[in-house]
Amino acid sequence: MNTIAVIGAGTMGNGIAHVFAQNGHQVNLIDISQTSLDKGIATITKNLDRMLSKEKITEAQKSDTLNNLSTFTSLSEGVKNVDLVVEAATENLEIKLKIFKELDEICAANTILATNTSSISITQIAAATNRAEKVIGMHFMNPVPIMKLIEIIRGYSTSDAVTKTIMDLSVKLGKTPTEVNDYPGFVANRILMPMINEAIETLYNGVAGVSEIDTVMKLGMAHPMGPLQLADFIGLDVCLSILNVMCDGFKNPKYAPCPLLVNMVMAGKLGVKSGEGFYDYSESRKAEKVAGQFS
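Residues numbered from 1 in each chain as written. Predicted model: local features only at pLDDT ≥ 70, side-chain atom pairs only at ≥ 80, totals over all residues. Heavy atoms only, no water.

**Here's the deal with the packing of helix α1 (residues 11-22) against helix α2 (residues 34-53)**
So, point 1. For the pair α1 and α2, the least separation of the axes is 9 Å and the interaxial angle reads 55 degrees. Here α1 is positioned oblique relative to α2, judged by the angle of their axes. Seen along the crossing, α1 lies across α2 with a hand that is right-handed. Contact residues: Asn-14, Ala-17, His-18 and Gln-22 in α1; Gly-40, Thr-43, Ile-44, Asn-47, Leu-48 and Met-51 in α2.
So, point 2. Each residue belonging to the contact of α1 with α2 can be placed in one class, and the counts come to four nonpolar, six polar and no charged. (Axes fitted to C-alpha atoms, helices over the stretch in contact; angles between N-to-C directions. Helix = DSSP H or I, 4+ residues; strand = E, 2+ residues; numbered from the N terminus. Parallel < 35°, antiparallel > 145°, perpendicular 65-115°, else oblique. Left-handed = near helix turned anticlockwise from the far one by under 90°. Contact = heavy atoms within 4.5 Å. Nonpolar A, V, L, I, M, F, W, Y, C, P; charged D, E, K, R; others polar.)

**Quick look at the UniProt feature "domain: 3-hydroxyacyl-CoA dehydrogenase C-terminal" (unreviewed entry) in the protein**
So, point 1. Under the UniProt annotation, "domain: 3-hydroxyacyl-CoA dehydrogenase C-terminal" (unreviewed entry) lies at residues 185-281.
So, point 2. Helix makes up 62% of residues 185-281 and strand 0%, with an end-to-end C-alpha separation of 28 Å. (UniProt positions renumbered as here; feature names shortened; annotations may be inferred.)

**Remarks on the pairing of strand β5 (residues 112-115)**
So, point 1. Of the two faces of β5, the one holding Ile-112 and Ala-114 and the one holding Leu-113 and Thr-115 are both buried throughout.
So, point 2. Looking at chain direction, strand β4 (residues 84-87) and β5 are connected through four bridges and run parallel. Counterpart to Leu-84 in the pairing with β5 is Ile-112.
So, point 3. Note on the crossover from β4 through helix α5 (residues 93-106) to β5: the handedness is right-handed.
So, point 4. Where β5 and strand β6 (residues 135-140) come together, three bridges link them in parallel fashion. Across the sheet, the residue bridging to Ala-114 is Ile-136, located in β6. (Buried < 20%, exposed > 50% of the residue type's maximum accessible area, 1.4 Å probe, protein only. Pairing = 2+ DSSP bridges. Right-handed = clockwise from strand over helix to strand, strands pointing away.)

**As for the sheet that holds β4**
So, point 1. Strands sit in the order β3-β2-β1-β4-β5-β6-β7-β8 across an open sheet of eight strands; the sheet is mixed. Of all strands in the sheet, those bounded by a partner on one side alone are β3 (69-72) and β8 (176-181). Sheet twist, expressed as the average angle between the axes of neighbouring strands with direction ignored, equals 25 degrees.
So, point 2. Here strand β2 (residues 26-30) runs beside β3; their pairing, made up of four bridges, is parallel.

**A short note on the side chain of Lys-96**
So, point 1. Mapped onto the secondary structure, Lys-96 falls in helix α5.
So, point 2. With relative accessibility at 1%, the residue Lys-96 sits in the buried group.
So, point 3. At a separation of 3.3 Å, a polar atom in the side chain of Lys-96 contacts the main-chain carbonyl oxygen of Ala-89.
So, point 4. In this structure, Lys-96 is in contact with Glu-87, Ala-89, Thr-90, Glu-91, Thr-115, Thr-117, Ile-120 and Ile-125, ignoring residues within four places of it in sequence. (Polar contact = N/O pair within 3.5 Å; in protein donor to acceptor, adjacent residues only side chain to side chain.)

Following this line, the structure appears as structure tokens:
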């Protein structure tokens, strides 16, 4: 595969574009907002500069990576003649169905369509197309340039050939692909989100404070980051969305989001991205910022 289109220039999208471009692929990064595209390229450049300062890459590799990137605000122009599309838009079913319906109409017949969804049914997304056998999940982990895992999710109709192609491609990216089946939350979030939700319930019920809960899980369970801090890093809105998908999909109240999480999202307290969640990430509280510790 030579040319890859990545839809969405946000945190996940620019990370996915970075990894493909750094591994020699021509990447078309697509977003409806030119501002978002500019921010995405700036983030990739910043991350490459950090890798350069740590002598993980050379100046030539940085230059090659950036030269492999092109930006588009037009979906039809951005996906023209590409081998693979990786959709990394917001975690919203209606938006993804709309995107995949459009992709099916404008992409070449042999183009594989992948989604970076963290919880939404691949089978349901594939049903919006006439190429269900060529639709697959590629759930990258955040931050994408550093985390090794990619969950490869087969929809009901995903072909063996497409699955093998994506598994092999993931290995060539320096990742560890792990094949899972298409059920709400897949593996990573089916296990992770109930733990995060339980940590929020523990706070909500007054058992302990934010730092105390995170300290117990970091020092007692050897987690690199506490669940509340991790929730901030993921985005509380994303956590809520995944829990709602799992609750609706399994019809099991054990996945129901904690009322505190619901209220925080309604109040716009989304974690790192909004400057406040369980921790304060404002300019006046830089010491509490966690986003940079994975870089």
